[in-house]
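Listed below are the residues making up each chain.
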Amino acid sequence: MIEIKNLSKWYGPTQVLNNSSVTINKGDVVVVCGPSGSGKSTLIKTVNALESFQKGEIFVDGIGLHHPKTNLSKLRSRVGMVFQHFELFPHLSVAENLTIAQVKVLGRNQQDALVRGLKMLDRVGLRAHKDKFPGQLSGGQQQRVAIARALSMDPIVMLFDEPTSALDPEMVGEVLDVIVTLAKEGMTMMVVTHEMGFAREVANRVIFIDVGGCILEDCSKEEFFGNTEDRHPRVKEFLKKTFKH
Ligand code: ADP
Ligand code: MG
């Protein structure tokens, strides 16, 4: 579904991704973790063509992002992206947030887009809020709307960049529950998160990136959490800190 081959990226002189290779198969739920500034956001943004890269190749559903003829906006519309800060349009209602890209990017008519959007809003349990503006919703609700918006585009894969990091603790669960449900339904996902309990529950693979953009681990969840003695020393240190409390 996604193939990242020997990807390297620099911001000016600073290397942020270092010869990274990752394959995501259909139905995979891959958790990406690692310290702040290690390139996790950059990695998933390159997959969605929101960031360019200097070396390597990325294929999404067999289509190469690096080929000059690839229609990036069309490709991007098939890759759902959910950000830390929701990034809903504040001046549009929930329903409008859900339909605008369907109409503008996919060319759906308004009525079909609304039907699809409301169906997805139902899935995240927020249909009753369709006429509100984002500012009238809690952070957890806004993030669930952002997930519904991404799902409305019929994505082949969903990318999440720390979807719960900006939320008050009591709202984390409601957002993770939605993501867990998607995982159980077989959605292919790449999730950047520090929620290791969640990773243990739903991931089938865990990737660890260290500062400088090196992928130090790419292994099954069972290996990552169960077989800690075999992990890279940096990963052991990370796990020790994460589970200290
Ligand atoms: P993470 O998501 O793991 O915290 P990022 O992918 O956001 O890390 O950032 C990786 C590195 O790239 C960091 O050192 C960060 O400061 C740098 N970086 C991120 N975005 C930019 C940018 N637009 N310009 C220059 N440096 C950037
Ligand atoms: Mg980040």
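Structural notes, computed from the coordinates. For every chain, the first residue of the written sequence is number 1, and numbering continues from 1 onward in sequence order. Chains carry letters from A onward and ligands carry numbers from 1 onward, assigned in written order. Residue-level local features of this predicted model are given only where pLDDT is at least 70; pairs of side-chain atoms are given and counted only at 80 or more, and the full residue set underlies all totals for whole chains, interfaces and linings. As a rule here, side-chain values cover all heavy atoms of the structure and leave hydrogens and water aside.

Moving on to the sheet that holds strand 9 (residues 205-210). Between any two strands, pairing holds if DSSP finds at least two bridges. The way it works is that DSSP assigns letters per residue, a run of H or I at least four long becomes a helix, a run of E at least two long becomes a strand, and they are numbered from the N terminus. Spatially, six strands are ordered 6-7-8-3-9-10 in an open sheet, and the strand pairing comes out mixed. Here the strands that pair on one side only, and so sit at the sheet edges, are strand 6 (79-82) and strand 10 (214-220). Strand-to-strand twist of the sheet, defined as the mean angle between neighbouring strand axes without regard to direction, takes the value 15 degrees. Note that strand 7 (residues 157-161) and strand 8 (residues 189-192) share four bridges and pair parallel. Its bridge partner being in strand 8, L159 is matched across the sheet by M190. In the packing of helix 5 (residues 139-151) onto the sheet, the strands contacted are strand 6 and strand 7, and the crossing angle to strand 6 comes to about 170 degrees. Lying over the sheet, helix 6 (residues 169-184) contacts strand 3 (29-33), strand 7 and strand 8, oriented at roughly 150 degrees with respect to strand 8. Note on definitions: angles span 0 to 180 degrees between N-to-C directions of axes, and those axes are lines fitted to C-alpha atoms, for helices only across the stretch in contact. Contact definition: two residues touch when any of their heavy atoms are within 4.5 Å.

Moving on to the packing of helix 3 (residues 94-104) against helix 4 (residues 110-123). Packing of helix 3 against helix 4 brings their axes to within 8 Å, and their N-to-C directions diverge by 125 degrees. Classified by the angle their axes make, helix 3 and helix 4 are oblique. For the crossing formed where helix 3 meets helix 4, the hand is right-handed. Listed contacts from helix 4 to V94, A95, L98, T99, Q102 and V103 of helix 3 are Q110, A113, L114, R116, G117 and L121. Any angle from 65 to 115 degrees is called roughly perpendicular, while one under 35 is roughly parallel, one over 145 is roughly antiparallel, and all others are oblique. Crossing chirality is assigned from the near helix's rotation relative to the far helix, an anticlockwise turn below a right angle marking it left-handed and a clockwise turn marking it right-handed.

Think of a salt bridge as a Lys or Arg side-chain nitrogen and an Asp or Glu carboxyl oxygen that are within 4 Å of each other. All told, the structure shown has 17 salt bridges when counted by the stated rule. When the shortest N-O distance is used, the salt bridge between E174 and R144 registers 2.7 Å. Linking E174 in helix 6 with R144 in helix 5, this pair joins segments that are 30 residues apart in sequence. Buried residues are those whose accessible area, probed at 1.4 Å on protein chains only, stays under 20% of the maximum for their type, while exposed residues exceed 50% and partly exposed ones sit between those limits. The partly exposed category is assigned to E174, whose relative accessible area is 26%. The salt bridge partner of E201 is K184, with a shortest N-O separation of 3.8 Å. Of the two residues, E201 is situated in helix 7 (residues 196-202) and K184 in helix 6; the sequence distance between them amounts to 17 residues.

Here the focus is the site of ligand 1. Around ligand 1, the surrounding shell consists of Y11, V16, P35, S36, G37, S38, G39, K40, S41 and T42. Any pair of nitrogen or oxygen atoms within 3.5 Å is treated as a polar contact; in protein, a donor-acceptor pairing is required on top of that, and neighbouring residues in sequence qualify only through side-chain atoms on both sides. At 3.0 Å, a backbone N or O of G39 approaches an oxygen atom of ligand 1. Areas reported here follow the Shrake-Rupley algorithm with a probe of radius 1.4 Å; residue values treat only the protein chains shown as occluding. Taken by itself ligand 1 offers 560 Å² of open surface, and the protein chains cover 56% of this. Among the elements that line the shell around ligand 1, the one with the most residues is helix 1 (residues 40-47), at three residues. Here, proximity means that at least one heavy atom of the residue falls within 4 Å of the molecule or strand.

Okay, the packing of aromatic side chains next. Pairing of aromatic rings covers Phe, Tyr and Trp, the last counted by its six-membered ring, and requires centre-to-centre distances within 6.5 Å; plane angles under 30 degrees mean stacked, over 60 mean edge-to-face, and any other angle means tilted. For the structure shown, the criterion picks out two aromatic pairs. Summarising the aromatic geometry, the rings of F208 and F238 are spaced 5.0 Å apart at their centres and angled 70 degrees between planes, so their arrangement reads as edge-to-face. Here F238 lies in helix 9 (residues 233-242) and F208 lies in strand 9, a separation of 30 residues in the sequence. Residues F208 and F238 agree in their burial class; the two are buried. Plain terms: the ring middles of F224 and F225 are 5.1 Å apart, the flat faces sit at 85 degrees to each other, and that makes the pair edge-to-face. When the NZ atom of lysine or the CZ atom of arginine is within 6 Å of a ring's centre and also within 35 degrees of its normal, the charge is said to sit over that ring. The ring of Y11 is capped by K9, whose NZ or CZ atom sits 4.6 Å from the centre of that ring. Across the ring face of F89, the terminal group of R149 is positioned such that the distance to the ring centre comes to 6.0 Å.

Let us now look at the state of the cysteines. Two cysteines form a disulfide when their sulfur atoms are joined by a covalent bond. Defined by distance alone, a disulfide is two cysteine sulfur atoms within 2.5 Å. Scanning all chains against the criterion turns up zero disulfides. Left unpaired, C214 is separated from the closest cysteine sulfur, that of C33, by 15 Å. We classify C214 as partly exposed; its relative accessible area is 28%. The thiol of C219 is unpaired, and the distance to the nearest cysteine sulfur, on C33, comes to 9.1 Å. Overall, C219 belongs to the buried group, its relative accessible area being 5%.

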